Amino acid sequence: MADLTVIIEQTENNYAAYIEGIDGIVATGHSVDEIKSNMVEAIEFYIETCEEMGLEIPEQLQEYNLVFKMDTKCVLAFYYGIFTKAGLSRLTGINQKQLWHYASGTSSPRPAQKVKIENALHKLGEELLSVRL
């Protein structure tokens, strides 16, 4: 099974996504769930179109797993209403002012900072998955 990396980018009014390395498959949406759903539909449409036109379907699309990737600015903007800078600072150990620079796009995090943010979000996700109400 191939991992297909879906790159999600922020646009003026919503988010746009495309598959890294495969031209012609794009999706838009206002949320990650909407992007995921629309991307699956776009892939299905792409495959159907290839079949109708007698074109070869890329091997990666035979059996795949979608992996979603956003840049730091996009993640911080997307989850702005959920994570405060103070809360994210506590999770990551990165000061709020620096997070604000990342969110506004005035500076980009070093690779080590990206890893800190990603690890903190994954850790939070794992913790939330273990919660039962």
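Just above, that's the structure.
Residues numbered from 1 in each chain as written. Predicted model: local features only at pLDDT ≥ 70, side-chain atom pairs only at ≥ 80, totals over all residues. Heavy atoms only, no water.

This next bit is on the sheet that holds strand 4 (residues 64-70). Taken together, four strands build an open sheet; the order of strands is 3-2-1-4 and the sheet is mixed. Lying at the two open borders of the sheet, with one neighbouring strand each, are strand 3 (26-29) and strand 4. Averaged over all pairs of adjacent strands, the angle between their axes in this sheet comes to 25 degrees, without regard to strand direction. Of the strand pairs in this sheet, strand 1 (residues 2-10) and strand 4 are connected by seven bridges, and their pairing is parallel. (Pairing = 2+ DSSP bridges. Helix = DSSP H or I, 4+ residues; strand = E, 2+ residues; numbered from the N terminus. Axes fitted to C-alpha atoms, helices over the stretch in contact; angles between N-to-C directions.)

Right, let's get into the layout of surface pockets. In this structure, the largest pocket occupies an estimated 870 Å³ of space. Taken together, 22 residues form the lining of the largest pocket, with Phe-68, Val-75, Glu-118, Leu-121 and His-122 sitting closest to its centre. The element that contributes the greatest number of residues to the lining of the largest pocket is helix 5 (residues 111-129), accounting for eight residues. Partitioned by chemical class, the residues of the lining of the largest pocket number 13 nonpolar, three polar and six charged. (1 Å grid on protein atoms, 1.4 Å probe; cavity = no way out; pocket = protein on both sides within 12 Å on 5 of 7 lines; lining within 4 Å. Points joined across faces, edges and corners; volume = space filled by probe spheres on them. Nonpolar A, V, L, I, M, F, W, Y, C, P; charged D, E, K, R; others polar.)

Attention now moves to helix 4 (residues 96-104). Within the span of helix 4, buried status applies to Leu-99, Tyr-102 and Ala-103. All buried residues of helix 4 project into a common sector of 95 degrees when viewed along the axis, lining one side. Elements in contact with the buried residues of helix 4: helix 2 (72-78), helix 3 (85-92) and helix 5. One side-chain oxygen at the N-terminal end of helix 4 lies 3.1 Å from the backbone nitrogen of Lys-97; it belongs to Asn-95. (Buried < 20%, exposed > 50% of the residue type's maximum accessible area, 1.4 Å probe, protein only. Arc of directions from axis to C-beta. Contact = heavy atoms within 4.5 Å. Polar contact = N/O pair within 3.5 Å; in protein donor to acceptor, adjacent residues only side chain to side chain.)

Treat this as a map of the structure, not an account of what it does.
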